[in-house]
Amino acid sequence: MSDQYDEHEQSERVKQWLLKNGSNLLTGILMIIAAISGWHWWQGRQAQQSQEAGNQYHTFVQAIDKPDTAKAVVLGEAIISNYADSDFAFLAALRLSRIHADLGKYDLATAALDKAYAVALNDQNRELVNIRKAQLLLSQGKTVEAGKAADAIKAVAYPASLAELKGDLAMTSGKTEAAADFYRQALQQLSADAGSRGLIELKLTEAGGSADKPKEIR
């Protein structure tokens, strides 16, 4: 009897606890289920947005290659606005800057670079934007401003691009020997199959140097 009483007592205690705390327990379980469901929804939404952004970027690039500049600008701006938290927004802003610069619309090119900086997801991307801004200043003949911008950059991810930029600045000032040294430094930072090697080697030759004579810049 005592065993049966103990079991009955335990059962009653469980019932009383459930009556008293059951609503809180149920609420906790529902919250856990909701959190898990929300996480899966968020992951699915992120994947969907990434795919959408990729498709839009592909269409954007096709418009550039066609070329259909007006359509490309509209698509590029839409990508920046709608997918600002993706790398596609950053890439679209960089491409838009190049489009505007090629058309001589330097204010729009600068604005596009500002947007690229705003949506950049890491320091590496922000460094690239700063280099592009200095290059844009140089292309407008603003040598002093470009030089100051270049000096303010601490190249970590793109040392070759910065060295090339400084070589271009030196060439603009007629400092061919210094330019050659910068171009050599740029080449030293690049792999043998880098796509930009050919152009930098041409610049080095124009500066009166050769790639087989590396020299440290101080």
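The structure we're discussing is the one just above.
Everything in this summary refers to the structure shown in the same document. Within any chain, residue numbers begin from 1 and follow the written order of that chain's sequence. Where local features are concerned, this predicted model is filtered to residues with pLDDT of at least 70; where side-chain atom pairs are given and counted, the filter is 80 or more; whole-chain, interface and lining totals use all residues. Note that water and hydrogens are dropped before the side-chain values are worked out from all heavy atoms of the structure.

## Here's the deal with the pattern of salt bridges
Here is step 1 of the chain: The term salt bridge refers to a side-chain nitrogen of Lys or Arg lying within 4 Å of a carboxyl oxygen of Asp or Glu. Here the structure, examined in full by the defined rule, presents seven salt bridges.
Here is step 2 of the chain: Lys203 is paired through a salt bridge with Glu164; the nearest N and O atoms lie 2.7 Å apart. One end of the pair, Lys203, is in helix 9 (residues 197-206); the other, Glu164, is in helix 7 (residues 159-172), with 39 residues separating them in the sequence. By the burial criterion, Lys203 is buried, and Glu164 matches it.
Here is step 3 of the chain: Across the pair Arg197 and Glu201 runs a salt bridge, and its minimum N-O distance is 3.7 Å. Of this pair, Arg197 and Glu201 both sit in helix 9, four residues apart, which is roughly one turn of the helix.
Here is step 4 of the chain: A network of salt bridges, in which partner residues are shared, links Glu164, Asp168 and Lys203. Numbering of helices and strands runs from the N terminus; a helix is a DSSP stretch of H or I covering at least four residues, while a strand is a stretch of E covering at least two. In this scheme, a residue with accessible area under 20% of its type's maximum is buried, one over 50% is exposed, and one in between is partly exposed, where area comes from a 1.4 Å probe on protein chains only.

## Some remarks on the nonpolar core
Here is step 1 of the chain: Here, the term nonpolar core denotes a set of buried Ala, Val, Leu, Ile, Met, Phe, Trp, Tyr and Cys residues that are joined through side-chain atoms within 4.5 Å. Counting 28 residues, the largest nonpolar core has Phe60, Phe90 and Leu94 as the members making the most contacts within it.
Here is step 2 of the chain: Considering every element that reaches this core, the biggest residue donor is helix 3 (residues 87-102), with eight residues.
Here is step 3 of the chain: Only heavy atoms enter the contact rule, under which two residues are in contact if any of them lie within 4.5 Å. When near neighbours in sequence (up to four residues on either side) are disregarded, Phe60 contacts Ala72, Leu75, Gly76, Ile79, Ala92, Arg95 and Leu96.
Here is step 4 of the chain: Counting 10 residues, the second-largest nonpolar core is a separate cluster that includes Ala163, Ala170, Ala186 and Leu204.

In short, geometric facts, not functional conclusions.
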